Amino acid sequence: MTADVVDGSSPAAPAIFQTAAFTFDDQDLLTEAWSRPDGAFAYSRLQNPTVRTLEATVAKMESGQSAFATSSGMGAISMVLLTQLSTGDHIIAQDRLYGGTFALLRELTQRWGIEVTYVDAADPAAVSNACRSNSRLLYLETIANPLGQVYELPALMTAGHRAGLITVVDNTLATPCLCQPITYGADIVVHSMTKYLGGHSDVVGGIAVFADADSHRQFWSRAIDFGATLDPFAAWLVLRGIQTLPLRVHRQCENARYLADRLQHHAAVRSLHYAGLPQHRSHAVATRMLRDYGGVLAFDLFGGRAASRQFLDKLRLVKIAPSLGGTATTVMIPSAISHSQLSESELRAADISPGTVRIAAGLEHAQDLWRDIQRALDACRDEASHRR
Ligand SMILES: *Cc1c(COP(=O)(O)O)cnc(C)c1O
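Predicted model, so just to flag it, every value in this text is computed and none were measured. (Residues numbered from 1 in each chain as written. Predicted model: local features only at pLDDT ≥ 70, side-chain atom pairs only at ≥ 80, totals over all residues. Heavy atoms only, no water.)

Below, the discussion takes up unusual backbone geometry. A cis amide bond links Asn-145 with the next residue in sequence, Pro-146, at an omega value of 10°. Within the element layout of this structure, Pro-146 appears in the loop between β4 (135-141) and α6 (153-162). Backbone geometry places Ser-63, a non-glycine residue, at a positive phi of 60°. Within the secondary structure, Ser-63 is located in the loop between α2 (49-61) and β1 (66-70). The residue Ser-201 is not glycine, and still its phi comes out positive at about 55°. Checked against the element boundaries, Ser-201 lands in the loop between β6 (188-192) and β7 (206-210). (Helix = DSSP H or I, 4+ residues; strand = E, 2+ residues; numbered from the N terminus.)

As structure tokens, this is what we get:
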């Protein structure tokens, strides 16, 4: 399609088709393109070649049939919920959710007449017990953020399907490198590509992957009118990021494990949440469900929120940031950022204390990371004993 590409020579990188619309010699071809997700390209809110390359790539990585890329992770989640649900429908969701998803569900409950029941997904029978005649959708996350709970996906999918539910799994924290929920029976997988898939903190995007091409077609015909589609350049950045996804995730898992091993023996740490540790309540399930335990860990310090804030202020290499999955290790306090939408009682119910610290491992040298974290922890302890 570009003038400098000749037979026998192709670009090594995907092309960016930075065009809003496509021109046609034939009105009938345009009419055809306008009405389906897999035909000719017509208008970039409906489909675009760079975006379609990304959709095909992620669909394959997730063992799905097809995908729809969106302008953010929340764009994917809201489009999935709004296209699958009607007023009066009932959702069953796991009670450990990303804060934005939790807030969206609250919005759907309060303003759209959709009912939500939160269940402890550690017990698949809880899903069956929560089912009603208007139940329509089961919503799960592969690895819950920030405490790392992992649930028995095949049993949950079976419980959902027995009740005729559409099963949706947010696979952002696991990535298809660690888990492919569709192979466990999920109907739809959603991602924030802003995190690991993009991987370089330079792009915001999301995607919904479908196990079945027909449900993708139905979704597409509604979702294009919601308008949260992905820009070609953003799609290109994610395509570039994905090329190194397995290498990055491998390193991030190694770094998280290294830090968890050391944090658990540090005197300032009161509790540590990482599914890779045998004492984590999801360890056995995570070992069955995941190829590795992920790059995110969380911990509480003696001294609660004040100690956490002090710890964050003393870090130098590790940066305070409201994201994860990039090349640099980041730290933050979930109750103030990713889960700020939760009330105090909702936070308590989710076991997130006001001082819980989340670390998302990047690609740095593990010893450099630990040196920074250890120095910050030691400095907090020294100040505390000085005050005493
Ligand atoms: C970040 C995140 C989202 C939201 O994605 P955005 O790209 O910020 O809209 C959804 N789910 C999980 C698990 C996330 O970490």
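What follows continues from the structure just given.
It is worth spelling out the site of the ligand at this point. Around the ligand, the neighbouring residues are Ser-72, Gly-73, Met-74, Ile-77, Tyr-98, Asp-170, Thr-172, Leu-173, Ser-192, Thr-194, Lys-195 and Gly-205. Within the backbone of Met-74, an N or O atom sits 2.8 Å from an oxygen atom of the ligand. Between the ligand and Lys-195 there is a distance of 2.7 Å, counted from an oxygen atom to a side-chain nitrogen or oxygen. Compared with its free state, where it exposes 380 Å², the ligand has 90% of that area covered by protein. (Near = heavy atom within 4 Å. Polar contact = N/O pair within 3.5 Å; in protein donor to acceptor, adjacent residues only side chain to side chain. Areas by Shrake-Rupley, 256 points an atom, 1.4 Å probe, with all protein chains shown as cover.)

With their axes 8 Å apart at the nearest point, α2 and helix α9 (residues 232-242) run at an angle of 35° to one another. You can see that α2 and α9 cross each other, and the crossing is left-handed. Only Pro-232, Ala-235, Trp-236, Val-238, Leu-239 and Ile-242 of α9 make contact with α2, whose side of the interface consists of Thr-50, Val-51, Thr-53, Leu-54, Thr-57, Val-58 and Met-61. Residue composition of the contact of α2 with α9, grouped by class: 10 nonpolar, 3 polar and no charged. (Axes fitted to C-alpha atoms, helices over the stretch in contact; angles between N-to-C directions. Left-handed = near helix turned anticlockwise from the far one by under 90°. Contact = heavy atoms within 4.5 Å. Nonpolar A, V, L, I, M, F, W, Y, C, P; charged D, E, K, R; others polar.)

A few words on the sheet that holds strand β10 (residues 319-320). One open sheet accounts for 5 strands, arranged β8-β9-β12-β11-β10; its pairing is mixed. Across the chains shown, the open sheet's two edge strands, defined by having one partner strand only, are β8 (269-273) and β10. Bridge count between β10 and strand β11 (residues 330-332): 2 bridges; the pairing is parallel. Each bridged residue has a counterpart across the sheet, and for Lys-319 the counterpart in β11 is Thr-330. Seen against the sheet, helix α10 (residues 245-263) touches β8, β9 (296-301) and β12 (357-360) and runs at an angle of roughly 20° to β9. Across the face of the sheet, helix α12 (residues 304-314) comes into contact with β9, β10, β11 and β12 while running at roughly 125° to β9. (Pairing = 2+ DSSP bridges.)

It is worth spelling out α9 at this point. Residues lying three or four places apart along an α-helix face the same way, a consequence of the helix completing one turn every 3.6 residues. Of all 11 residues making up α9, 9 are buried, and the element is well covered by its neighbours. Along α9, the positions that sit buried rather than exposed are Pro-232, Ala-234, Ala-235, Trp-236, Leu-237, Val-238, Leu-239, Gly-241 and Ile-242. Where α9 is buried, its residues meet α2 and α10. (Buried < 20%, exposed > 50% of the residue type's maximum accessible area, 1.4 Å probe, protein only.)

This part takes up the packing of helix α3 (residues 73-84) against helix α8 (residues 213-226). Look at α3 against α8: their axes get within 10 Å of each other, and the N-to-C directions meet at 120°. In terms of orientation, α3 lies oblique with respect to α8. By crossing handedness, the relation of α3 to α8 is classed as right-handed. Residues Met-79, Val-80, Leu-82, Thr-83 and Gln-84 of α3 touch α8, and the partners they reach there are Phe-219, Arg-222, Ala-223 and Phe-226. Residues that form the contact of α3 with α8 fall into these classes: 6 nonpolar, 2 polar and 1 charged. (Parallel < 35°, antiparallel > 145°, perpendicular 65-115°, else oblique.)

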